[in-house]
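The primary structure of each chain is shown beneath.
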Amino acid sequence: MVRVAPQDVTPTVEFVGRVDAVQRAELRARVTGFLDEQRFTDGARVEAGDVLFVIEQAPFAAEVQQAEANLEAARAEYENAAVQLARAEELVQNNNIPRATVDERRAAARMAQAAIAQAEARLTQARITYSYTEITTPIDGRVGRAAVKVGNLVSPESGVLATVVQQDPVYVTFNVAERQVLAFRRDREQRGEAWGEARIELQLRLSDGTIYEHDGTLDFADVQVNPTTDTLTLRGTVPNPD
């Protein structure tokens, strides 16, 4: 005798998809110079903020020093102009110098003050440019193979020096026929569940036929159907700790 009992059955459907990185950063040079250091091993794990490449810093450090010296000179000019203005304002009270001289020195003081602002801006730009000699990764992940070796000249036109890819979690993207999406929505509506509130779990079958040990969750549906294929792109997030 066979005992028959009701039980819940979860409907499933299979699609062919692809795995994509959640984040991917392409490292490029922002200044021109010779590559001095590569501070990583190809394929190593890196953390956000790690310095991966160093471009020759001496020329850019010299520009910073020059900008600092120019700022000090501008400040000295302003101090002298301020003293001359104060002296002129004192002398004009006794009519020892013409009013026009006071006006000229006041203008000179303002120009000297403006020169300070210009020198400060040039120093800020020089420091920013100097910071570009260290190429850091903006994300955690694994870095690929370096495209340029130490000693080579790099520039913004050199292209991608290396790529960092976040590996945990990952996206799984796949396309679903419009009729399947509509059928799924009707099924959810019959159950009294809203489409946007539905929790859909994903299980991955790898290319060798094995089931991946970590399940994921659907978290995105495209806003329009592809008119060429009559499909909707869906995406899920899957843990990838290993």
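Keep in mind that what you see is a predicted model, and the values were worked out from it rather than measured.

1. Observations concerning the sheet that holds strand 2 (residues 24-28)
- Spatially, 2-9-7-4 is the arrangement adopted by the four strands of the open sheet, whose pairing is antiparallel. If you trace the sheet from one side to the other, it starts and ends with strand 2 and strand 4 (45-46), each paired once.
- Both strand 2 and strand 9 (residues 160-165) contribute to a ladder of five bridges, which runs antiparallel. Paired with Arg28 across the bridge in strand 9 is Val160.

2. Description of the packing of aromatic side chains
- Summed over the entire model, instances satisfying the criterion amount to two aromatic pairs.
- A centroid spacing of 5.5 Å and a plane angle of 20° characterise the contact between Phe15 and Phe174, whose relative ring orientation is stacked. Note that Phe15 is positioned in the segment before strand 1 (17-21) and Phe174 in strand 10 (residues 170-177), a separation of 159 residues in sequence.
- With a relative accessible area of 9%, Phe174 lands in the buried category.
- Geometrically, the ring pair formed by Phe40 and Phe53 is edge-to-face, given 5.2 Å between the ring centres and 90° between the ring planes. Placement of the pair is Phe40 in the loop between strand 3 (33-38) and strand 4 and Phe53 in strand 5 (residues 51-55), with a sequence separation of 13 residues. Each member of the pair, Phe40 together with Phe53, is buried.

3. Focus: the side chain of Thr231
- With respect to the secondary-structure elements, Thr231 resides in strand 13 (residues 231-238).
- A relative accessible area of 15% means that Thr231 is categorised as buried.
- A distance of 2.6 Å separates a polar atom in the side chain of Thr231 from a polar atom in the side chain of Thr229.
- Those residues within four positions of Thr231 in sequence are excluded, and the remaining contacts are Asn175, Val176, Ala177, Glu178, Val225 and Asn226.

4. Thoughts on the environment of Ala112
- If you trace the backbone, Ala112 turns up in helix 2 (residues 99-131).
- The spacing of Ala112 and Ser131 is 19 residues in sequence and 29 Å in space, taken between C-alpha atoms.
- With residues up to four places along the chain from it excluded, the contact list for Ala112 reads Ala74, Glu77, Tyr78 and Ala81.

Calculation criteria
Residues numbered from 1 in each chain as written. Predicted model: local features only at pLDDT ≥ 70, side-chain atom pairs only at ≥ 80, totals over all residues. Heavy atoms only, no water. Pairing = 2+ DSSP bridges. Helix = DSSP H or I, 4+ residues; strand = E, 2+ residues; numbered from the N terminus. Phe/Tyr/Trp six-rings, centres within 6.5 Å; stacked < 30°, edge-to-face > 60°. Buried < 20%, exposed > 50% of the residue type's maximum accessible area, 1.4 Å probe, protein only. Polar contact = N/O pair within 3.5 Å; in protein donor to acceptor, adjacent residues only side chain to side chain. Contact = heavy atoms within 4.5 Å.

None of this, on its own, says anything about what the molecule does.
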